[in-house]
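Summary of the model geometry
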Amino acid sequence: MPQMNLTYLHRDNGGDLTALADYERAGGYTALTTALAEMDPEEVLYSCLRSNLRGRGGAGFPMGRKASFLPKDSPKPSYVVCNADESEPGTFKDREIMERNPFQLLEGVTIAGYAVRAQRAYIYIRGEYEHQALILDRALEDAYAAGKLGPDALGPGNAFDITLYRGAGAYICGEETGLLESLEGKRGIVRSKPPLPALSGLFNKPTVVNNVVTLASVPNDLSLGAERYAGYGANRSKGTLAFQLAGNVKRGGLVEKAFGVTLRELIEDFGGGTASG
């Protein structure tokens with residue numbers, strides 16, 4: 001399996017990635033700059049299709065294909081929604097990314113917005129993640145101050161805004177349509193399908209919904225290029241994933257590996273084996 005010098009949590013500069021200057025020194029926002037200068041939205045979307053970047057939220061549906069369902073000729077505005085309502089017991093990958101590398105998430109959301117011609121995105125964060133929400137708030141302030149977000153974020157006269165929305169602790173809001181109901185200020189209950197959110201999502205407008213890890217993968221996808229990115233992983237699962245190690249292991253935490261790693265390798269090589277022996 002080829003090795004990959006990528007990470008969600010740190011880069012090789014040794015800096016603090018919650019600081020915009022350090023993130024940019026580590027190569028941050030290069031993917032967005034390249035996309036705006038050299039690619040039209042359809043090319044960005046096609047790159048995600050060719051790389052077969054799959055959703056990291058559980059279902060594994062290809063992100064590019066999901067985004068391609070949004071109508072191209074709709075007079076309605078489109079939205080990008082980031083599902084950061086991480087509520088499953090023992091999960092913490094989204095939390096760590098938002099806490100340690102918030103700008104990679106913001107960059108990924110912005111690229112996704114460009115790809116679907118959206119002007120606004122929402123990050124729906126779990127209500128209990130107060131510390132992470134504060135970090136994202138500061139990152140958003142810095143991104144706006146630097147022009148990464150705001151009236152000219154996607155080029156002169158092309159606005160893009162990201163709003164952080166704090167949930168109220170309902171587990172059902174981890175499901176994308178329950179999340180959309182809550183984001184609209186209503187009780188979080190699952191919507192009937194069809195219609196799909198891509199056709200009638202937030203405020204009955206075309207909407208693409210992906211989780212934190214999926215959107216944080218987008219800058220790496222574009223930086224490497226579709227063919228190289230698709231060279232990592234196994235079978236239909238391409239790229240890397242932040243695997244969570246917790247419970248009966250000697251050393252818990254996150255380890256980022258290309259798809260195809262075995263459970264034994266994760267537990268023994270990275271988790272130090274089981275704590276109980």
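Above this text you will find the structure in question.
Keep in mind it's a predicted model, so treat the numbers as computed, not measured. The residue numbers shown here count from 1 along each chain, following its written sequence. The predicted nature of this model means local features are confined to residues of pLDDT at least 70 and side-chain atom pairs, given and counted, to a pLDDT of 80 or more, with totals for whole chains, interfaces and linings taken over all residues. Side-chain measures were taken over the full set of non-hydrogen atoms in the model, leaving aside hydrogen atoms and water.

1. Observations concerning the packing of aromatic side chains
Keep this limit in mind: Each Phe, Tyr or Trp ring (for Trp, its six-membered ring) is paired with any other whose centre lies within 6.5 Å, and the angle between the two planes then decides the class: stacked below 30 degrees, edge-to-face above 60, tilted in between. We count a stretch as a helix when DSSP gives it H or I for four or more residues in a row; a strand needs E for two or more, and each element gets its number in order from the N terminus. Remark: exposure states derive from per-residue accessible area (1.4 Å probe, protein chains only) relative to the maximum for the residue type, with buried under 20%, exposed over 50%, and partly exposed in between.
Counted under the stated rule, the structure contains seven aromatic pairs. An angle of 20 degrees between the planes, with centres 5.5 Å apart, marks the rings of Tyr124 and Tyr165 as stacked. With Tyr124 in strand S2 (residues 120-125) and Tyr165 in strand S3 (residues 161-166), this pair connects stretches of sequence that are 41 residues apart. The exposure class of Tyr124 is buried, given its relative accessible area of 1%. Arranged with centres 6.4 Å apart and planes meeting at 70 degrees, the rings of Phe243 and Phe259 form a pair that is edge-to-face.

2. Brief notes about the nonpolar core
Going by this rule: Throughout this description, the term nonpolar core refers to a set of buried Ala, Val, Leu, Ile, Met, Phe, Trp, Tyr and Cys residues connected via side-chain atoms within 4.5 Å.
Leu105, Leu106, Val109, Ile123, Phe160 and Ile162 are the most contacted members of the largest nonpolar core, which totals 63 residues. If one sorts the elements of this core by residue count, helix H6 (residues 102-115) sits on top with eight residues. Residues Val81, Tyr124, Cys173 and Val209 belong to the second largest nonpolar core, which totals ten residues.

3. Details of the sheet that holds strand S1 (residues 79-84)
Where we set the bar: Pairing between two strands is assigned when DSSP locates at least 2 bridges connecting them. For helices, the fitted axis covers only the stretch in contact; all axes are lines through C-alpha atoms, and the angles between them, taken along N-to-C directions, range from 0 to 180 degrees. Contact criterion: two residues are considered in contact whenever any of their non-hydrogen atoms come within 4.5 Å of each other.
Pairing within the open sheet is parallel, and its four strands lie in the order S3-S2-S1-S4. Single-partner strands in this sheet number two, and they are S3 and strand S4 (207-211). Sheet twist, expressed as the mean angle between neighbouring strand axes with direction ignored, is 20 degrees. Here S1 pairs with S2 via six bridges, running parallel. Looking at S2, one finds that Tyr79 is bridged to Arg120. Packed on one face of the sheet, H6 meets S1, S2 and S3 and runs near 150 degrees to S1.

4. Describing the pattern of salt bridges
To keep things clear, this is the line we draw: Definition used for salt bridges: Asp or Glu carboxyl oxygen within 4 Å of a side-chain nitrogen of Lys or Arg.
Per the counting criterion, the structure on display carries 17 salt bridges. In this structure, the salt-bridge partner of Arg191 is Glu181, at a minimum N-O distance of 2.6 Å. Placement of the pair is Arg191 in the loop between helix H8 (176-183) and S4 and Glu181 in helix H8, with a sequence separation of ten residues. The salt bridge involving Glu184 is made with Lys186; its shortest N-O contact spans 2.8 Å.

5. Comments concerning the side chain of Gln132
If you trace the backbone, Gln132 turns up in helix H7 (residues 130-145). Residue Gln132 is classed as buried on the basis of its relative accessible area, which comes to 6%. Sequence-distant contacts of Gln132, defined by excluding residues within four places in its chain, comprise Arg95, Met98, Glu99 and Ile125.

6. A closer look at unusual backbone geometry
A cis amide bond links Lys193 to the next residue, Pro194, at an omega of 0 degrees. In this fold, Pro194 is placed in the loop between H8 and S4. Here the residue pair Pro194 and Pro195 is connected by a cis peptide bond, since its omega of 5 degrees sits within 30 degrees of zero. Locating Pro195 in the fold gives a position in the loop between H8 and S4. For Tyr29, which is not glycine, the phi torsion reads 70 degrees and is therefore positive. By secondary structure assignment, the location of Tyr29 is in the loop between helix H1 (20-25) and helix H2 (30-38). On the basis of relative accessibility, which here comes to 3%, the residue Tyr29 falls in the buried class. Phi at Asn235 takes a positive value of approximately 55 degrees, unusual for a residue other than glycine.

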